[in-house]
Amino acid sequence: MTETPPPDDRQPEDDRLDELLAEVRSSPVPEAPDLTDRVVRAARWQRGVRGVLMSVTAVVTAVAEGIGAMLGVRHHKHGGDE
Amino acid sequence: MTALAVLPPGADDTQLVRRAREGDLSAFEALVSRYRDQVVRVATRIVGRDEAEDVAQDALLRAFHSLPSFRGEAPFRSWLLRIVHNMSIDARNRRTPIPIDVDDGVSADVPDSPRPASMLEQHERSDRMALKIRELKPEHRAVLVLRDLEGMAYDDIARITETPIGSVKGRLHRARKELIEALRNNTYDWELPR
């Protein structure tokens, strides 16, 4: 695997590239001052929705299991009567 | 946010992550505030300004929902930047060929008021350079951004890009060569014999 040339192997082109990269590094990047608020608001909202969905899923599962158990019992009873 | 006041002053990432995993949104907010600028910066340099904020927001939200799977084996910052890196690369790959346009939004914030010529020139050169960086292959671009622009250590970059350190160094070397080659064709900025 080729690696970055060690400092003593550096060519003028490496130095020039570093100068240009330094300018990019020092150039301003867009600020996103309201990003934190937006992310936290979305996280709160999504967590709420996820909580509701999990509750609904739990209720549906419990109801389904209940119905399954009742049907199972009835089926068992019918089976036992025969 | 007032809830921040209940956090221990100077809480470290481990404490904040633990509290965020327990559902403390103010702890998550503190983490977002701590890393927001770097997340936006990395996203900007990989996908460009137009998409950077969306990528940053999506990455931070994904991090929030993935916190239960964060095992703490790597520093939180590396783990978060891995998500940013992956989502930036995905966003870039989803896009059709890169529109190389000097007015690609990067110059949009040049104020109307007169600026010293040298500053304006440097600003424009830096914009052209940013565009050249975004033309690099995604895996090369990410390594160059993390190493040469963010100044991160090789082992951090290896964790973020999920690549062996040797490959990271190789990619960086190729990225720089690729960039030098691209710049050689730009007589305005290269200023060295071709």
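Shown above is the structure to which this text applies.
Residues numbered from 1 in each chain as written. Chains lettered and ligands numbered in written order. Predicted model: local features only at pLDDT ≥ 70, side-chain atom pairs only at ≥ 80, totals over all residues. Heavy atoms only, no water.

*Asks:* Tell me about the packing of helix H4 (residues 76-94) of chain B against helix H7 (residues 154-161) of chain B, and please be specific about residues and values.
*Replies:* Residues and elements named next belong to chain B. At a minimum axis distance of 8 Å, the contact between H4 and H7 shows a crossing angle of 50°. In terms of orientation, H4 lies oblique with respect to H7. The two elements H4 and H7 meet at a crossing, and its hand is right-handed. Along its contact with H4, which presents Arg-77, Ser-78, Leu-81, Arg-82 and His-85, the element H7 presents Asp-156, Arg-159, Ile-160 and Thr-161. (Axes fitted to C-alpha atoms, helices over the stretch in contact; angles between N-to-C directions. Helix = DSSP H or I, 4+ residues; strand = E, 2+ residues; numbered from the N terminus. Parallel < 35°, antiparallel > 145°, perpendicular 65-115°, else oblique. Left-handed = near helix turned anticlockwise from the far one by under 90°. Contact = heavy atoms within 4.5 Å.)

*Asks:* Can you explain the interface of chain A and chain B? Please cite residues and give values.
*Replies:* By a widespread convention, an interface's size corresponds to the accessible area lost as its parts come together. Each partner contributes to the interface: chain A provides 38 residues, whereas chain B provides 47 residues. Run the count over chain A and chain B and you get 6 salt bridges. A salt bridge links Lys177(B) to Glu13(A), with the shortest nitrogen-to-oxygen separation between them at 3.5 Å. The tally of links between chain A and chain B comes to 15 residue pairs in polar contact (both at pLDDT 80 or more). For the side of chain A that touches chain B, the elements supplying multiple residues, two or more each, are helix H1 (12-26) and helix H2 (35-81) of chain A. In the side of chain A that touches chain B, the residues fall into 17 nonpolar, 6 polar and 15 charged. (Salt bridge = Lys/Arg side-chain N within 4 Å of Asp/Glu carboxyl O. Polar contact = N/O pair within 3.5 Å; in protein donor to acceptor, adjacent residues only side chain to side chain. Nonpolar A, V, L, I, M, F, W, Y, C, P; charged D, E, K, R; others polar.)

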